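Coordinate inspection notes
Below, each chain spelled out in residue letters.
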Amino acid sequence: MPGYIMAWDFGTSSVKATICTVKGELVSSAIAGYELYHPQPDWAEQNPKEWWAATTKSSKEALRAAKIKPDDVEAISISAQMAGLVPVDKNGEPLRPAIIWLDSRAHDQARKLAGNILSMLITFVRITGGAPGPKDVISKIVWLRENEPHVFEKAYKLLDAKDYLIYRCTGEYVTSWDCASVTWMFDSRKGRMRWSESICRKAGIPMEKLCDTVPSPTVVGELTAEAAKDLGLKKGTQVVCGCGDIPAATVGSGAVRENQVHAYIGTSSWVVAPVTKRKLSISYYIGSICSADPTKYILVAEQECSGVCYQWLKNNLGYRYMVEAEKEGVDVYNVMDRIAAEAEPGSRKLIFTPWMFGERCPLNDHTVRGGFINLSLIHEDKHVLRAILEGVAYHIKWMLEGVQKLIGQVPSINLIGGGAQSDVWCQILADITGKKIRQMKDPIEAGSRGAALTAAVGLGYYKSFDELEKVVPVRKEFEPNPENKEIYDELYPKFKLIYKKLKKMYRELNE
């Protein structure tokens, strides 16, 4: 009988350890959190040792909840936040806090790397399939070299979040093709799949400071005695390289065949489609990165803030909703959704822009910020709540436009993430995009499921990733309501126009 897989879904605020079968079925899970630090404007950092402490805590709890023995766990696989930087010394000790994906301090470095040199920009696109921005790893490494040279010189390896966890498990320095490709230092052309010597040389980054690269389903090592003790698992348990959060979610969404689309609503959002050839839209800031499936790429359009906007309102203005939820014994977001559903579609023409910490696609502007447009005394809290849900959906539609220009029209979207648990949000997204929304079963577990299924492919339980399309079940489908089309067709162009009208002001306020 096949054993179980322990999958780690390693996010921005917490890690979830999940025990899964090789079919991606969830047996148990446990969550442990860690802090996010903002020591300066545009900075976002975390402590890697807090990552490991949370990982060990959640892993032991998930194992206990599953009521299985450590020997029953066949492998560990990881889904993790991408585009981070963890410089470590020769003993694997972090030399400074991790600079995570949300950090945009390196905008000057990104501009110097590509923005002002057309020939260099063309080189990036030709070799890597995209070009760096201020939140990308190559820009962060150059920032480190220029601003903390003592750390840069002492750094033995420059790791991403997942790479650090793999090192803590196995003592090996290795990363997956997908995580390497989002550094924009990786030659992701078919038949190459290696660090680009020319880009690293021009950026002043010694290649010996970078990890070895392998496909996501690769077994990269075994648990050391120390790691096994920390995690409550058996020494020698296989460790699969796994993948970044977006590629893992792609696998876990079930939209694994070419040109199938899934969308994710969590802290951030994205729209993703697997493709067999790299595709790029400079005007929409959409690019292709390597997939967990070594035979494909994934076309990615990413939104920096989505579900976190709803969370922000809950944390700062939602005391009444929390009290009501406690009285009813339900989740606070259920209360917020119920109130939002009372508002008419369009929220009485109140528009929310969810750009609360800069944006990537299709704006690529670290100075842009969120806000409510057209707020008046006629609006109630139900309109404010619904406007947030609609604002995120407008932005997802904007990203989807760019994706469809590259792959053609799609009939449906597989929806995953915490936001996919909201029937109200699913229907709003269907109405605004005009697409059938397929709410996947256990949508919040897509990352864990994707990591587990990636390991199952690597361990030989499936011949290809395409087989996984039928493994992930659909919970419910939402068809667009034609009665709401008129109001959303009116407001959507105005949503896009807001950025054009205000981008100069955003720059003046936040540069």
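Residues numbered from 1 in each chain as written. Predicted model: local features only at pLDDT ≥ 70, side-chain atom pairs only at ≥ 80, totals over all residues. Heavy atoms only, no water.

1. A few points about the pairing of strand β5 (residues 73–80)
With respect to burial, β5 is a largely interior element, seven of its eight residues being buried. Relative to β5, strand β1 (residues 4–10) runs parallel, the two being bridged by seven bridges. Note that in β5 the partner of tyrosine 4 across the bridge is valine 73. Taken together, the two bridges between β5 and strand β15 (residues 243–244) define a ladder with parallel strand orientation. Residue pairing across strands places alanine 80 opposite glycine 244, the latter belonging to β15. (Buried < 20%, exposed > 50% of the residue type's maximum accessible area, 1.4 Å probe, protein only. Helix = DSSP H or I, 4+ residues; strand = E, 2+ residues; numbered from the N terminus. Pairing = 2+ DSSP bridges.)

2. Observations regarding a positive patch on the surface
On the surface, Lys500, Lys501, Lys503 and Arg507 cluster together into a positively charged patch. Checked against the element boundaries, lysine 501 lands in helix α17 (residues 485–510). (Patch = residues over 30% accessible without salt bridge, like charges linked within 9 Å, V, L, I, M, F, W, Y side chains within 5 Å. Areas by Shrake-Rupley, 256 points an atom, 1.4 Å probe, with all protein chains shown as cover. Salt bridge = Lys/Arg side-chain N within 4 Å of Asp/Glu carboxyl O. Lys, Arg positive; Asp, Glu negative; His and termini not counted. Charge placed at Lys NZ, Arg CZ, Asp CG, Glu CD.)

3. A closer look at helix α16 (residues 446–458)
Helical geometry: 3.6 residues make up each α-helical turn, so side chains three or four residues apart lie on a common side. Taking 1.5 Å per residue as the helical rise, α16 with its 13 residues ought to reach 18 Å, and the 18 Å between its terminal C-alpha atoms agrees with that figure. Along α16, 12 of the 13 residues are buried, which leaves the element largely enclosed by surrounding structure. For α16, the set of buried residues is Ala446, Gly447, Ser448, Arg449, Gly450, Ala451, Ala452, Leu453, Thr454, Ala455, Ala456 and Val457. Positive phi appears at glycine 460, one or two residues downstream of α16, with a value of about 95 degrees. (Expected span 1.5 Å × (residues − 1).)

4. Details of the side chain of serine 196
Among the secondary structure elements, serine 196 is positioned in the loop between β11 (194–195) and α8 (197–203). By relative accessible area, which is 6% here, serine 196 ends up buried.

5. A look at the pairing of strand β22 (residues 412–416)
Along β22, five of the five residues are buried, which leaves the element largely enclosed by surrounding structure. Of the two faces of β22, the one holding Ser412, Asn414 and Ile416 and the one holding Ile413 and Leu415 are both buried throughout. Relative to β22, strand β16 (residues 262–265) is paired through three bridges, and the arrangement is parallel. Bridging from a neighbouring strand, alanine 263 pairs with leucine 415 of β22. Of the crossover connections in this fold, the one passing from β22 over helix α15 (residues 423–433) to the parallel strand β23 (residues 436–440) is right-handed. (Right-handed = clockwise from strand over helix to strand, strands pointing away.)

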